[in-house]
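The chain contents come next:
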Amino acid sequence: MKKILVLSFSFLLCTTHGFSQENNNSVLTIKQIMQADAFVGHLPSSPRWSADSKDIYFNWNPEAAFSDSLYVYNLKNEKSTKVGFETEYALPSFYNTFNTKRTKKIYEKRGDIYMVDVATNKTIQITQTEDYERNAQFIENDTKIAFQKGQNIFSWNIATGATVQLTNFTDVKEKKEHKSEKDDWLYNDQLALFDVLRERKAKADARTEMQKRYKEKELFAIDTDGQSIGNQKISPNGKYVTFITSKRASNKGTTMPHFVTESGYVENENTRSKVGDEQTKYELFVCDLTTEKTYPVILDNLEGLDYIPEYTKDYPDKAYKNDNRIGYISGPIWSADGKYAILDISANDYKDRWIVLLNAEDGTVTNLDHQHDEAWIAGPGIGRGNLGWMPNNKSIWFQSESTGYSHLYTVDVTTKNTKALTSGEYEIYSPYLSKDKTRWYFTANKNHPGDRQFYTMPVQGGKLTALTSMTGNNEVSLSPDERQLAILHSYANKPTELYVQINPIKSKAKPVAKQITNSLTDDFKKYNWRDPEIITFKAADGAEVYARLYQPKATVKNKAAVIFVHGAGYLQNAHKWWSSYFREYMFHNILVDNGYTVLDIDYRGSAGYGSDWRTGIYRHMGGKDLSDQVDGAKLLMDKYGIDQDKVGIYGGSYGGFITLMGMFNEPKTFTAGAAIRSVGDWAAYNHGYTARILNTPVTDSLAYRRSSPIYFADGLQGDLLILHGMIDDNVHFQDMVRLSQRLIELEKKNWEMALYPVERHGFVEPSSWTDEYTRIFNLFNESLLDITLKK
């Protein structure tokens, strides 16, 4: 930056739109691409099938209206039509629960419960109230339907239509008067002295006793002891109700002011607290409806419950304390025959997952599978009740990263024998069983980490058969008769469209995916969008790193490069489908048109590459995830002819954090950087994300010190542009205000900050996007190419 402006408000509010095309040699403009859907096209989403498998319903907006509408594609006439409001309002839910024989199904819609006779398609509305009824299921050999209303569970008798309340959660305790010894003596003396007082007390006691007898005939109360309750479930036989109590700590939140408001006054919003707060305590209870007894589920025998994390060895003089490691409890999930129930339990330090068998009769559990990671447990399909029962009702299926990749397993609840159904250096996504329970359906990246296909496999494991073949991403919705696939498909330079294809295992015909939507605008189609090359390179520690590479033509190559750092940390972007970072993808095309080489790296911590890659940032964000960027820059210099002093870096959220770390800790590598909605101090971020990776600031201060940019700001040498939304309720604007104060105190001059008063973490307004990326484009032109804007 040749001219430095630090927090000058005139700078913040000035517009750059007028010179957005200056020094841009592309036929595309930044303002144009930042119109997002208005420029690309409104893409289809959320396909779901009609019950008879003849129609596909999906959300779409080909008319560029204010929002998406519901459309339907008929397989017979091969036409898509917009669904009118009255028709849409009358449609049944697409998500149903069937009885055992699949003769009846129930669904919830707009807070009411409906039952459908499958043979006649006759629908009965079970509830019609202003309350919100939910979580409907068949119980007692499919003779009744249980559902939740408010906090309580009710049942509806299919034969008689009678509704019965089954639970009565209450926080009203019988209050007992406590007298002092003096008052107790006086009370008894008064009764001894006066006949009238004794007679009145006797009558009152008789009335109280009669009221108790009446009360005993009423529905018994389940005392919640002042705690919140949730996850209420009833067993298939209708005998047991389980529920979770939660005691939430009173943690201090952050006040976030809104400066641009309809009222004209500054309005404050209360937002999240910070990492390290006291966590919610959960406890699971069982209520036996026949004995009217409630008792806790005992989890003292969980394997490794007394685990002390390895990182505590770095603090020999500090006592580690975690009296209750139980985090969230998912379940129970009952077998179809109602004989067994399982729980999925996570530790509050995120390092353990337990799958256990629940004995509802006495509240004890039996360990079935214990997953442990010194860093943290995660990965596709892992945790929060993502498991289920096998057809024999004796085994369950679940996913685990025990081999380094998320795969499908079964365990017999009677013998505890575990079997791996899939294996290899790839991941399984969203598995489910076919209706006849003979095979699996799931998505996997078996061919390439950046290519996802839809597969089937025998129920007990075996050969994987690909049902889709289009390279890229294939999000499949299977028709109820399992004969057709509705596919949301995209490729790296081809946005998502909806396709329909026969299921190859149900037909001898050759499967051909037919495109049924055409969403792209004429303006978008005019440009020859690049198909970025997926490359790999060796990191300094020998790891193979995947990246997207965009190269300019030799005639315009300027020997400068920009490295883009995707956000979220655990996200994948060096893949072969249309990116969620589609604005950045289009911006990269503009950069390449202007002679830049662009590298987009799936650094350590990214998704799609197994557990070792995912946890490669444990206790040191800004370590290997940053060195991967540095190694990528070295690759550009060594192999692609990039000048050493012409490498820029940018990204948003986690990408902004890496940009800050790069600018502060690798000044010889990065000449310029743009940090968008960045984390400057991990101690200021939320608990759920940060504590998994860095533990907490109190227990692992070393991890926070080496991972937070604010401690390394003195290393800034290159040109830094900071951009942040002022009502960001994810990464608070306060974080960048603190960093700016640090830079001021360090007397750093080569940085600027642009603020966006009406934007949260995910920007919404095209004008904000345009301003933001115009500044980034100008930064790279000025700092890497010495191109100065005309004034």
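Everything here concerns the structure above.
What this report covers is the structure whose coordinates are included nearby. Computed from a predicted structure; not experimentally measured.

## Considering the overall build of the protein
Each helix and strand in the protein was counted, giving 15 helices and 44 strands. The C-alpha atoms of the protein give a radius of gyration of 31 Å, which matches the 28 Å a tight globule of 791 residues would have. Taken along its principal axes, the extent of the C-alpha atoms in the protein is 105 × 80 × 55 Å. Residues counted as buried form 53% of the 791 residues belonging to the protein.

## Details of the pattern of salt bridges
Per the stated rule, a full pass over the model turns up 30 salt bridges. A salt bridge links Arg760 to Asp729, with the nearest nitrogen and oxygen atoms 3.0 Å apart. In this pair, Arg760 sits in the loop between strand E44 (751-756) and helix H15 (766-785) while Asp729 sits in the loop between strand E43 (719-725) and helix H14 (733-745), placing the two residues 31 residues apart along the sequence. On the accessibility criterion, Asp729 (31% relative accessible area) is partly exposed.

## A few points about H14
Across its 13 residues, H14 extends 19 Å between first and last C-alpha, which sits within 8% of the 18 Å expected from 1.5 Å per residue. Within H14 the residues assigned to the buried category are Phe733, Asp735, Met736, Leu739, Ser740 and Leu743. Buried residues of H14, seen end-on, are gathered within an arc of 150° and therefore sit on one face of the element. The positive-phi residue at the C-terminal boundary of H14 is Glu747, with phi of around 60°.

## Quick notes on a negative patch on the surface
There is a patch of like negative charges on the surface, built from Glu177, Glu181, Asp183 and Asp184. Relative to the helices and strands, Glu181 resides in helix H5 (residues 181-193).

## Considering the sheet that holds strand E7 (residues 112-117)
Strand order in the open sheet formed by four strands is E5-E6-E7-E8, with antiparallel pairing between adjacent strands. This sheet does not close on itself; its edge strands, each paired only once, are strand E5 (97-98) and strand E8 (123-125). Of the strand pairs in this sheet, E7 and E8 are connected by three bridges, and their pairing is antiparallel. Along E8, the bridge assignment pairs Tyr114 with Gln125.

## Focus: the nonpolar core
By size, the foremost hydrophobic cluster in this structure holds 67 residues, and its most contacted members are Ile563, Phe664, Phe670, Trp682, Leu720 and Leu739. Here this core gets seven residues from one element, more than from any other, and that element is helix H11 (residues 654-665). Ignoring any residue separated from it by four or fewer positions in sequence, one finds Leu739 in contact with Leu660, Phe664, Ile710, Ala713 and Ile722.

## Structural notes on unusual backbone geometry
Outside of glycine, negative phi angles account for most residues, and trans bonds account for most peptide bonds. The omega angle of the peptide bond from Gly331 to Pro332 is 5°, so this bond is cis rather than trans. In the Ramachandran plot, Arg677 falls in the positive-phi region, its phi being about 40° despite a non-glycine side chain. Secondary-structure assignment places Arg677 in the loop between strand E42 (672-676) and helix H12 (687-694). What makes Arg677 buried here is its relative accessible area of 9%.

## Thoughts on the sheet that holds E43
Reading across the sheet, the eight strands line up as E37-E38-E40-E39-E41-E42-E43-E44 and stay open at both edges, with mixed pairing between neighbours. Strand pairing shows two members of the sheet lacking a second neighbour, strand E37 (533-538) and E44, which therefore form its edges. Going from strand to strand, the sheet's axes swing by 20° on average, the running direction of each strand aside. Here E42 runs beside E43; their pairing, made up of five bridges, is parallel. Opposite Ala674, over in E43, you have Leu721 as the bridge partner. The strands touched by H14 are E43 and E44; relative to E44, the strand with the most contacts, the crossing angle is about 155°.

## Regarding the packing of aromatic side chains
Under the defined criterion, the tally for this structure stands at 43 aromatic pairs. Between the aromatic rings of Tyr550 and Tyr585, the centroid separation amounts to 6.2 Å while the plane-to-plane angle is 50°, which identifies the pairing as tilted. With Tyr550 in strand E38 (residues 544-550) and Tyr585 in helix H8 (residues 582-593), this residue pair connects regions lying 35 residues apart in the sequence. Exposure remark for Tyr550: the relative accessible area of 2% places this residue in the buried category. On the accessibility criterion, Tyr585 (2% relative accessible area) is buried. Aromatic side chains Phe657 and Trp682 sit 5.1 Å apart centroid to centroid with 70° between the ring planes, which places their arrangement in the edge-to-face category. Of this pair, Phe657 sits in helix H11 while Trp682 is found in the loop between E42 and H12, placing the two residues 25 residues apart along the sequence. Taken individually, Phe657 and Trp682 each receive the classification buried, so the pair is uniform in this respect. When the ring centre of Tyr315 is taken as origin, the NZ or CZ atom of Lys318, which lies over that ring, is 4.7 Å away.

## Concerning the environment of Gln232
Take Gln232: it is sitting in strand E15 (residues 228-234). With a relative accessible area of 8%, Gln232 lands in the buried category. Look past the residues within four positions of Gln232 in its chain and what remains in contact with it is Gln148, Gln151, Ile153, Phe169, Thr242 and Phe243. In terms of polar contacts, Gln232 uses its side chain to reach the backbone carbonyl oxygen of Gln151, at 2.8 Å.

## Notes on the pairing of strand E19 (residues 281-288)
For E19, the tally of buried residues reaches six of eight residues, placing the bulk of the element in the interior. One ladder, built from eight bridges, connects strand E16 (residues 240-247) with E19; its direction is antiparallel. Looking at the pairing, Ser246 lines up with Tyr282 of E19. Bridge count between E19 and strand E20 (residues 293-296): four bridges; the pairing is antiparallel.

Parameters and conventions
Residues numbered from 1 in each chain as written. Predicted model: local features only at pLDDT ≥ 70, side-chain atom pairs only at ≥ 80, totals over all residues. Heavy atoms only, no water. Helix = DSSP H or I, 4+ residues; strand = E, 2+ residues; numbered from the N terminus. Rg over C-alpha atoms; globule rule 2.2 N^0.38 Å. Buried < 20%, exposed > 50% of the residue type's maximum accessible area, 1.4 Å probe, protein only. Salt bridge = Lys/Arg side-chain N within 4 Å of Asp/Glu carboxyl O. Expected span 1.5 Å × (residues − 1). Arc of directions from axis to C-beta. Patch = residues over 30% accessible without salt bridge, like charges linked within 9 Å, V, L, I, M, F, W, Y side chains within 5 Å. Areas by Shrake-Rupley, 256 points an atom, 1.4 Å probe, with all protein chains shown as cover. Lys, Arg positive; Asp, Glu negative; His and termini not counted. Charge placed at Lys NZ, Arg CZ, Asp CG, Glu CD. Pairing = 2+ DSSP bridges. Core = buried A, V, L, I, M, F, W, Y, C linked by side-chain atoms within 4.5 Å. Contact = heavy atoms within 4.5 Å. Axes fitted to C-alpha atoms, helices over the stretch in contact; angles between N-to-C directions. Phe/Tyr/Trp six-rings, centres within 6.5 Å; stacked < 30°, edge-to-face > 60°. Lys NZ or Arg CZ within 6 Å of the ring centre and 35° of its normal. Polar contact = N/O pair within 3.5 Å; in protein donor to acceptor, adjacent residues only side chain to side chain.

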